[in-house]
Amino acid sequence: MCKSDTMASFEPCRTKMEKEGIAQSAISAFESTFNSLVSGNTGIIPESTISPVPELVHTDSISTAPNSALLSETVVLKLNGGLGTGMGLDKAKSLLEVKNGDTFLDLTAKQVMCMRKEFGQNVKFMLMNSFSTSDDTLEFFQSKYPSLAAEEGLEMLQNKVPKIDAKTFVPATCESDPSNEWCPPGHGDLYAALIGSGRLDALLAAGYKYMFVSNSDNLGATLDLKILTHFAATDASFMMECCERTENDKKGGHLAIRNSDKHLILRESAMCADEDEPAFQDITKHRFFNTNNLWIRLDKLKEIVDKFGGFIPLPMIKNSKTVDPKDDSSQKVIQLETAMGAAIECFDGASAVIVPRTRFAPVKKCNDLLLLRSDAYVITEDFRPVLNPACGGVAPVINLDSKKYKLVGALEEATADGVPSLVDCKRLTVKGVIRMGRSTRFVGDVSITNKSDESKFVSGKIENATLDVSDATGLGALKPTAVATAPIAGQKPGTSGLRKKTKEFMSENYLNNFVQAVFDAVVAGGTSLSEGTLVVGGDGRYFNKEAIQTIIKMGVANGVKRFWIGENGLLSTPAVSATIRERGPVWQKAFGAFILTASHNPGGPEEDFGIKYNTQNGGPAPEYLMEATYANTTSIKSYKICSDFPDIDISTPGSTSVAADDGSSSVVVDVIPSTESHVTLLKSIFDFSAIKSLLDRDDFSMIYDSMHGVNGPFAKAVFVDELGQPESVLMNHIPKDDFNGGHADPNLTYAKELVAIMGLDRKGQKIDVSGPVPTFGAAADGDGDRNMILGSQFFVTPSDSLAVLVANANCIPFFSTQGGLKAVARSMPTSGAVDLVAKDLNLDFFETPTGWKFFGNLMDSKCIFKGKDYTPFICGEESFGTGSDHVREKDGIWAVLAWLNVLAAHNTDSSKPLVTVEDIVKAHWSKYGRNYYCRWDFEGMDAAGANAMMDKMRESTAANTGRTVGSYTIATADDFKYTDPVDGSVAKKQGIRFLMSDGSRVIFRLSGTAGSGATVRMYIEQYESEKLDLAVSDALKELTRIALDLCDIKTFCGTETPTVIT
């Protein structure tokens, strides 16, 4: 590049960086690098300007006695800013599994703890994370090594710098993803980060003098007291650990002496001219390379920083890229970096030492990762990976096909059946794609070629051989195919998964894209698809069976070895959770599940379909996993499928095993009885004997409406098969793919057939009846996770149902035998009825956003997050969802059995009059007061109008606070925000609340769970301690009018008439 007549200005970069809040030290350092670029400096170091480095001191020859007193002045810092994008990773590279289930960070943490134990001192430990790795890394330490996570000053953040337009040198732009406009400035940013964060001054003030720095992927680099003592004794200002170059290292940087001033310098590959490449790779000439294990005198660093006005001027490294790393056609940019080892030329009195290879075990390519994972390396007692002594001091040379094994995912697929033995291997060369396993043992010099497109399996002992496996037998039915595809807009899952019209799901690649996006996100999150079982089932709606066959074939292609499929494709949502958590044996335990459901939405070819993923705790996928899934849907280029895998007969329980033609692997698909795990669990929770005695009473009758959803078989298994009741107690219990044309939502509007039988109208008020009314009624929704409870001509609101069950929890063995409830939670829109019970019983209480995942976090507070134990636990939502910690989903049939168990406990003497649902609820009101409550749903509203209405209320919260409306005063108007007490996550914009001074509430939420349009939900609640027998509509008449006026839904959505009133 030639110097231009007018150098490009740095000011646009400065402005962008200052706006982003980048530290001045980082801006100054980047300005120095930028000016080097625009001045025409290529960063090239010609061979003619340097000389080889003569002999260096080898640490094995150091005889100085180690001085442990130096440890109190020393800080250990690991560079942890890399994502490993070059290996196909999109998270911290240090979270990649290395060996025996441990990641780089696991071994680093264990090394630190071992070091502290060995030296008897709490040696200070730090991480330099980047903006890309910080969240993942801190979450990892908080969950696995909380004591380290709690240490002050654990993290120092690497800066970020703008990517530069390759032609104009102005900051690049990326409208589709502004985060792509930034890049890390290389590990040379260590110095700017130390300065800008104030850490350098703080460390010096605290008495720290020495810093040992190394890369997080170099697990051989631990604090060595002998080397530290040598560094201190020589009074060097800076010391670099070097190793002698071998053939494997010839393409990496090397140490040299600059002829002009005799300073040690570092020449990286990007600094070498093409014509100097032979000399650069001459390992007999340039013998030493930088391990990036550096020792720095902090006081000397401070002197240099002050000398140059707040930064260290490091040599520029120029990288040509595209602004979007996933789009080669995007804007051409330059990423400017610096190397921290290059600072050696800035320190007077800098030195270097030779260290053994045991201090250098980085992972830069899949070659390195395969070697480290194999038996050629072992883990020492102090958690360092070292070459297996059986290798004779020489590591095997691994040369995997660089085009086929550039990405970690390709290596994972190649070793899905285990890592091969390399301890007796001298050299392994692979061209093409192969698969290896635990049974594969390479000995001596082995070369394998596969010219075919299909991966071929090599096994057994292969010694000093050159093999061509191109024509070998392949996988047959298990052969995966990559099918080209493109992103499909709108595949962003909500709290209940992805729901769209059935025809959209049936369109080309729609389901496939989403399923592949989930698989990729799950794998990236650290789950092995080849270990354990994938559960698949759904609510039986239209397209359910076809979707299951697709998921099986895609699962096989992605490495799943075992499936549990619900009989006839049916598994209720709570049954999936129960199957994940309860079904064994342990070695087959489920790692996750696909649930094919749109819950209570209508089904059929013209209606809705849905899919959601649940994780190994049985609960819905956490937000980070769904965000990763959505990101994958926006960039997907292909999906994997085994098109030749046979369709599975899912109509009858049984097992199907399909083996690969080459005998390398097999896949087992078990069709399981849909109700088995869930019903077994329910029998362990409730007193079935007491419930049966209640049901057998002459003065007790019941009806259970499954609304032609998936709950029918479960209701039959419980009430007919287990409790011995006639099938006539069941209603609409045969699942149908369109729910018989109905809307399988258990509320007063859609369960109208049951509601009429129970002597009520759609508002829950009594109607005239001509015959006897059942004592007890209940309804379930399409996927079996919701419930509605009715007494004879008496409707129990979901909020009251939750409160009554909490108050009577000790009637249920699951709670009484565990010492009683510990905690209770409700969603924010749910009435405050349960709050009063929780206060009375001194239970921990939580008000959460809508979404079962928030309850799941509380249930898992101890077992997953190592926090307080809140179980046994009951939770619920006003939307007819109730459950406990027996599963991680709401559970409709659980709620029905819970009510029957409570009724049975109140009716132990059959000679006495029956205590009814109404009796229990009214007794509850007498003790706690009554929360008059209703919910109005406005379904199918125009999304733009509904959003505008919510935004207007959100903007007016301050103005509405303190305002008098009718006979009420708005004490607080706000937009509900929730900080999770378990994981610290924050959920914003969870609903507009108008909290009245007398405790009454009006709440508005916008729901996207319907397949089309928006649903506006309006909640109205008023507490009464004395007037307990009012009609709900009368009690809430004024507040309802106020609510309609506050939202002005007539103006924004064109109606004040709800679709559903609950």
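Residues numbered from 1 in each chain as written. Predicted model: local features only at pLDDT ≥ 70, side-chain atom pairs only at ≥ 80, totals over all residues. Heavy atoms only, no water.

## Details of the overall build of the protein
Stage number 1. Each helix and strand in the protein was counted, giving 32 helices and 54 strands.
Stage number 2. Its C-alpha atoms give the protein a radius of gyration of 33 Å, within 12% of the compact-globule value 31 Å for 1062 residues.
Stage number 3. When the backbone C-alpha atoms are referred to their principal axes, the protein occupies close to 105 × 70 × 60 Å.
Stage number 4. Out of the 1062 residues in the protein, the part that is buried amounts to 58%.
Stage number 5. Summarising the internal contacts of the protein: among those between residues at least 6 apart in sequence, 71% fall at separations of at least 24.
Stage number 6. When the accessible surface of the protein is split by element, carbon and sulfur atoms take 49% of a total near 41,400 Å².
Stage number 7. Treating the 108 positive side-chain charges of the protein as one cloud and the 135 negative ones as another, the clouds have centres 3 Å apart. (Helix = DSSP H or I, 4+ residues; strand = E, 2+ residues; numbered from the N terminus. Rg over C-alpha atoms; globule rule 2.2 N^0.38 Å. Buried < 20%, exposed > 50% of the residue type's maximum accessible area, 1.4 Å probe, protein only. Contact = heavy atoms within 4.5 Å. Areas by Shrake-Rupley, 256 points an atom, 1.4 Å probe, with all protein chains shown as cover. Lys, Arg positive; Asp, Glu negative; His and termini not counted. Charge placed at Lys NZ, Arg CZ, Asp CG, Glu CD.)

## Examining the sheet that holds strand E46 (residues 930–941)
Stage number 1. Strand order in this open sheet of seven strands is E47-E48-E51-E52-E53-E46-E54, and the pairing throughout is antiparallel. Either end of the sheet is taken by a strand with one partner, and the two such strands are strand E47 (964–965) and strand E54 (1060–1061).
Stage number 2. Here E46 pairs with strand E53 (residues 1014–1024) via 10 bridges, running antiparallel. Across the sheet, Phe938 pairs through a bridge with Val1016, a residue of E53.
Stage number 3. Sitting on the sheet, helix H31 (residues 1037–1047) touches E46, E47, strand E48 (968–975), strand E51 (992–996), strand E52 (1001–1007) and E53, and the angle it makes with E53 is about 145°. (Pairing = 2+ DSSP bridges. Axes fitted to C-alpha atoms, helices over the stretch in contact; angles between N-to-C directions.)

## With respect to the environment of Thr615
Stage number 1. Relative to the helices and strands, Thr615 resides in strand E33 (residues 608–615).
Stage number 2. The exposure class of Thr615 is buried, given its relative accessible area of 15%.
Stage number 3. The spacing of Thr615 and Thr550 is 65 residues in sequence and 20 Å in space, taken between C-alpha atoms.

## Focus on the pattern of salt bridges
Stage number 1. Counted under the stated rule, the structure contains 63 salt bridges.
Stage number 2. For Arg14, the salt bridge is made with Glu11, and the minimal N-O distance between the two is 3.2 Å. Highlighted residues: Arg14 and Glu11, both in helix H1 (residues 11–19), separated by three residues, approximately one helical turn.
Stage number 3. Judged by relative accessible area, which is 16%, Arg14 ranks as buried.
Stage number 4. Measuring nitrogen to oxygen at the nearest pair gives 2.8 Å for the salt bridge that ties Lys612 to Glu889. Residue Lys612 is found in strand E33, and its partner Glu889 is found in the loop between strand E45 (881–884) and helix H26 (892–905); the two are separated by 277 residues along the sequence.
Stage number 5. What you see here is one network of salt bridges that share partners, running through Arg826, Asp835, Glu847, Asp974, Arg993, Arg1001 and Glu1021. (Salt bridge = Lys/Arg side-chain N within 4 Å of Asp/Glu carboxyl O.)

## Concerning unusual backbone geometry
Across the chain, the bulk of peptide bonds are trans and the bulk of non-glycine residues have phi less than zero.
Stage number 1. Omega for the peptide link from Gly584 to Pro585 comes to 5°, which places this bond in the cis form.
Stage number 2. Note on placement: Pro585 falls in the loop between helix H16 (573–582) and strand E32 (590–596).
Stage number 3. For the bond running from Thr871 to Pro872, omega is 0°, close enough to zero to count as cis.
Stage number 4. Along the chain, Pro872 turns up in the loop between helix H25 (852–859) and strand E44 (873–877).

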